[in-house]
Amino acid sequence: MGAGEPNGHYSLLVFKQLEGTKMTIKLMTWTSRTAAVRRLVTTAVVGVLSVGSAEADTLRIIEGSALKIVDPIVTTSGDTQIHGYLIYDKLFEFDSSGTARPQMVDKVDVSSDKKTYTIALRKDLKFSDGAPITTDDVIQSLKRWESRDVVGGLLGSRTKDMVKVDDLTFRIELSEPFDVPSALASTEGNVPFIMPKRVASLPPTEQLTDTTGSGPYKFDFSTWKPGQTPVYTKNSFYTPRNDPPSFYWGKKEATFDKIEVSYIPDPNTAMAAMLTGKQDIWLTPAIDNALALRKDPKLVVSKGYFVQSLFVVNHEVPPFNNIKATEALTYLIDQKEVMQISVGDPQFWHPCYAYLTCEGKYGDESAYSGHRGAADFDKAKELFKEAGYDGKPIVIFDLTDWAEAHARSLYLAQQLRKIGVQVDLQAMDWATVTSRRTSKAPASEGGWNLFPTYMEVGPASSPITHLMLAANCDKAWFGWPCDEKLEKLRAAFASAVDENEKKKITFDLQARASAYFPFVMTGEYGIPTVYGADLEGFNPEAPYAYFWNIRRKGQ
């Protein structure tokens, strides 16, 4: 998944019918589907969960996948990022206007040429073990982050030096102008959380086992095993800002004594838990489930945030090491068709051919020169032939615990088969994808060619933060696109100051992307969130959910 990491998975009711070698995916009407879901929930409630409400001092959350990796530098998985936001803090955060504001930082001095940033920390900041947070911790945390993250790599490549001035002040000296606060406020990829120096000194490929954090909650790694429900408690050493909260920035108050983040794979059990008050927030329910809960006055159903739906393409191995094979995929995908099949209700999706999204200020569909609309099988077949396709099976990861992505995989597999391409559709859960996607082996030797995921439209709206637009070869995100022209345009945007110049660069970048195809777009859709009407202060539109400043009404 991505942020390229989806925060969870879906359980959309998709019915498929196999007729020889042909497959159609049938959708029930929303009325009949909702009624069916309600009947299932009624059955599930009885004997599964006792009626009652969540404890007042415990916030209980349903996530879409089980936490297995606690190191946000080792993985970009959404469940790990949510975990990271609970136990770590950052130097800067984005407010509701998209402006990067000081969070752990007290003040910033910027030179007139924007090549030197002198950053002073707030006084009396402490880690969850009571140790003071110093610039030694900050510098080492940023160095580990830069070595792994796409945005961090952009900053690191422009950093001449990062030096300690004193225990609370450090300086970043750049070779060219760069928006350092926005980079350090990044919410995507490997997030620049601040850790103790001893922890951040680990190689970026080695997972940490010390979860001492800088954020409002703390986590005891020694009492937890991967896959178990993680439990978070207040960090008594955390000192929040006094500023009114605005999106990720401002006051981060640990209002609950304890937070539990559970993975409930069965959607009917999850629905029953929400209906009976056993759970407070359901982060990524299927649209069917969300719609079925809309009439319950004790619950709030939000459209959540929109994402850019896409297929990741492995540019390292045949046939997609040839651009023509990747272009052929665009002739097989009808965005309206795939969104109707995978998402359903049209209020939750729209087609989009802008590589920087139709929701963002730089997104421009007119820059896209590729195929649009209904599938063109003859053209797709011709392009595969020109790419030298040798008849070997194309490996597509089929996410069994994420029904929207599962439907997309089924769709593309069938489209490929229609033009005579062999497909190896490999069923697995998202956790398995996160381990398999690292392989650059040939598809026939345990590697892969394609898998579905998404990017949140916020970070996907900028060339700097869109993980999958990075085309810096081995340093790029999984799939490893490698295109010098895209990289030059991303670098130009990172250094640009004038807004008109930025718009010119982003147009050219999207035009280049539509010729190189770093990934294949399949539309944009909203991810719903369901939460108790008794909660206030929760923001369902945040791409990575955060749980500070939430209260029960009247308390």
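Residues numbered from 1 in each chain as written. Predicted model: local features only at pLDDT ≥ 70, side-chain atom pairs only at ≥ 80, totals over all residues. Heavy atoms only, no water.

1. Description of the sheet that holds strand β9 (residues 169–174)
Logical step 1: Strand order in the open sheet formed by four strands is β6-β7-β9-β8, and the pairing between neighbours is antiparallel. The open sheet has two edge strands, β6 (105–110) and β8 (159–166), and neither has a second partner. Taken over all neighbouring pairs, the strand axes of this sheet differ in orientation by 15 degrees on average, direction set aside.
Logical step 2: Pairing geometry for β6 and strand β7 (residues 116–121), over five bridges, is antiparallel. Counted as the bridge partner of V105 is L121 from β7. (Pairing = 2+ DSSP bridges. Helix = DSSP H or I, 4+ residues; strand = E, 2+ residues; numbered from the N terminus. Axes fitted to C-alpha atoms, helices over the stretch in contact; angles between N-to-C directions.)

2. Comments concerning the pattern of salt bridges
Logical step 1: One pass over the structure, following the stated rule, counts 29 salt bridges.
Logical step 2: When the shortest N-O distance is used, the salt bridge between R198 and D129 registers 3.3 Å. With a gap of 69 residues between them, R198 in helix α6 (residues 197–200) and D129 in the loop between β7 and α3 (135–146) connect regions that are remote in the sequence.
Logical step 3: Between R171 and E173 there is a salt bridge, with the nearest N and O atoms lying 3.0 Å from each other. (Salt bridge = Lys/Arg side-chain N within 4 Å of Asp/Glu carboxyl O.)

3. Topic: the layout of surface pockets
Logical step 1: The computed volume of the largest pocket comes to approximately 1200 Å³.
Logical step 2: Around the largest pocket sit 43 residues that line it, and F94, G98, T99, G458 and S462 are the ones nearest its centre.
Logical step 3: When residues of the lining of the largest pocket are traced back to their parent elements, those giving at least two are α5 (180–184), β14 (299–313), α14 (457–460) and α15 (484–495).
Logical step 4: Residues belonging to the lining of the largest pocket are distributed by class as follows: 19 nonpolar, 15 polar and nine charged.
Logical step 5: Approximately 890 Å³ is the volume attributed to the second largest pocket. (1 Å grid on protein atoms, 1.4 Å probe; cavity = no way out; pocket = protein on both sides within 12 Å on 5 of 7 lines; lining within 4 Å. Points joined across faces, edges and corners; volume = space filled by probe spheres on them. Nonpolar A, V, L, I, M, F, W, Y, C, P; charged D, E, K, R; others polar.)

4. Looking at the nonpolar core
Logical step 1: Ranked by internal contacts, the top residues of the largest apolar core, which has 145 residues, are L91, I259, I281, F384 and F547.
Logical step 2: Each residue touching F547, except ones within four places of it in the same chain, is listed here: L59, I61, I82, L86, Y217, I259, I281, L283 and F538.
Logical step 3: Membership of the second largest hydrophobic core comes to 11 residues, among which are W282, A292, L293 and V530. (Core = buried A, V, L, I, M, F, W, Y, C linked by side-chain atoms within 4.5 Å. Buried < 20%, exposed > 50% of the residue type's maximum accessible area, 1.4 Å probe, protein only. Contact = heavy atoms within 4.5 Å.)

5. Notes on helix α10 (residues 335–342)
Logical step 1: Taken as a whole, α10 has its buried residues at Q335, V338, M339, I341 and S342. Around the axis of α10, the buried residues are gathered within 165 degrees of arc, so they sit on the same side.
Logical step 2: At the N-terminal end of α10, a side-chain oxygen is found 3.1 Å from the backbone nitrogen of K336, two or three residues along, and the residue is D334.
Logical step 3: In the segment just after α10, G344 is the residue with positive phi, at about 100 degrees. (Arc of directions from axis to C-beta. Polar contact = N/O pair within 3.5 Å; in protein donor to acceptor, adjacent residues only side chain to side chain.)

6. Digging into the environment of Y389
Logical step 1: Considering the arrangement of structural elements, one finds Y389 in the loop between α11 (377–386) and β16 (394–399).
Logical step 2: Separated by 67 residues in sequence, Y389 and N322 have C-alpha atoms that sit 9.4 Å apart.
Logical step 3: Apart from residues no more than four positions distant in its own chain, Y389 is found in contact with P319, F384, I394, G420, V421 and Q422.
Logical step 4: For Y389, the side chain forms a polar contact with the main-chain oxygen of G391, separated by 3.4 Å.

7. Some words on the packing of aromatic side chains
Logical step 1: Taken as a whole and judged by the stated rule, the model has 29 aromatic pairs.
Logical step 2: Judged by centre distance (6.1 Å) and plane angle (25 degrees), the rings of F397 and F451 are stacked. Of the two residues, F397 sits in strand β16 while F451 sits in strand β18 (residues 450–456), which places them 54 residues apart along the sequence. Pair check on accessibility: F397 and F451 agree, each one buried.
Logical step 3: Considering the side-chain rings of Y531 and F538, the 5.1 Å spacing of their centres and the 70 degrees angle between planes classify their relative orientation as edge-to-face. (Phe/Tyr/Trp six-rings, centres within 6.5 Å; stacked < 30°, edge-to-face > 60°.)

8. Let's talk about the pairing of strand β17 (residues 423–428)
Logical step 1: In this sheet, β17 lies alongside β16 in parallel orientation, the contact comprising six bridges. Across the sheet, residue F397 finds its bridge partner in β17, namely Q426.
Logical step 2: Where the polypeptide runs from β16 across helix α12 (residues 403–418) and back to β17, its parallel neighbour, the crossover connection is right-handed. (Right-handed = clockwise from strand over helix to strand, strands pointing away.)

9. What about the state of the cysteines?
Logical step 1: Within this structure, the stated rule accounts for two disulfides.
Logical step 2: Covalently, C352 is tied to C358 through a disulfide, its sulfur atoms 2.1 Å apart. Looking down the S-S bond of the C352 and C358 bridge, the torsion is 100 degrees, so its handedness is right-handed.
Logical step 3: Given a relative accessible area of 2%, C352 falls into the buried group.
Logical step 4: In this model, C473 is linked to C482 through a disulfide, with the two sulfur atoms separated by 1.9 Å. Taking the sign of the S-S torsion, about 60 degrees here, the bridge from C473 to C482 comes out right-handed.
Logical step 5: Classification of C473 as partly exposed rests on a relative accessible area of 26%.
Logical step 6: Indicated for the protein is the disulfide connectivity 1-2, 3-4, based on numbering the bonded cysteines in sequence order. (Disulfide = S-S within 2.5 Å.)

10. Points about the pairing of strand β19 (residues 519–532)
Remark: a regular strand shows side chains that alternate across the two faces of the sheet.
Logical step 1: Across the 14 residues that make up β19, a large majority, 14, are buried.
Logical step 2: Here strand β13 (residues 281–282) runs beside β19; their pairing, made up of two bridges, is antiparallel. Residue pairing across strands places I281 opposite Y531, the latter belonging to β19.
Logical step 3: Pairing geometry for β14 and β19, over 12 bridges, is antiparallel. Opposite V300, over in β19, you have Y531 as the bridge partner.
Logical step 4: Where strand β15 (residues 349–350) meets β19, two bridges bridge the pair, whose relative direction is antiparallel. By the bridge assignment for β19, H350 is matched with E524.

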